Amino acid sequence: QVQLVESGGGLVQAGGSLRLSCTASGRSFSSSAMGWFRQAPGEEREFLAVVNLISGTTYYGNSRFTIERDNAKNTVHLHLDNLRPEDTAIYYCAAGLGTATVGGYDYWGQGTQVTVSS
């Protein structure tokens, strides 16, 4: 069984930064990509970024954020810079084929809350 565990969320003031982390575990973990999404109350889950774990190729849905991989630790990080109150949401890590849609992922983390105060 594959597990994804996110960390790094919290409360930050507008203009601040956070680094989210997601670590994958499980003997069967062989996904080719890991990505990040977020979901605000009443909204659809929104694609943010994905990284191919083999090639390192990245693709973004939000240019203010940066995704980074650490293959040695089966971990990806999402750097959130210049945060705005509208970035407040639950941020989810996912693993799978790696697309900009929810359907491209087989495994999901439990989510980590990011709250940006004005």
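Residues numbered from 1 in each chain as written. Predicted model: local features only at pLDDT ≥ 70, side-chain atom pairs only at ≥ 80, totals over all residues. Heavy atoms only, no water.

### Thoughts on the sheet that holds strand β1 (residues 3-7)
Reading across from one edge, β1-β3-β8-β7 is the order of the four strands in this open sheet, with antiparallel pairing throughout. With one partner strand each, in any of the chains shown, β1 and β7 (65-70) form the two edges of the open sheet. When the angles between neighbouring strand axes are averaged without regard to direction, this sheet yields 20°. Pairing of β7 with strand β8 (residues 75-80) involves six bridges; the strand directions are antiparallel. Its bridge partner lying in β8, E68 is registered against H77. (Pairing = 2+ DSSP bridges. Helix = DSSP H or I, 4+ residues; strand = E, 2+ residues; numbered from the N terminus. Axes fitted to C-alpha atoms, helices over the stretch in contact; angles between N-to-C directions.)

### Let's talk about the state of the cysteines
The tally for this structure, following the rule as stated, stands at one disulfide. The side chain of C22 participates in a disulfide bridge whose partner is C93; the two sulfur atoms lie 2.0 Å from each other. Taking the sign of the torsion about the S-S bond as the criterion, the disulfide between C22 and C93, at about -75°, is left-handed. Highlighted residues: C22 in strand β3 (residues 18-25) and C93 in strand β9 (residues 89-96), separated in sequence by 71 residues. (Disulfide = S-S within 2.5 Å.)

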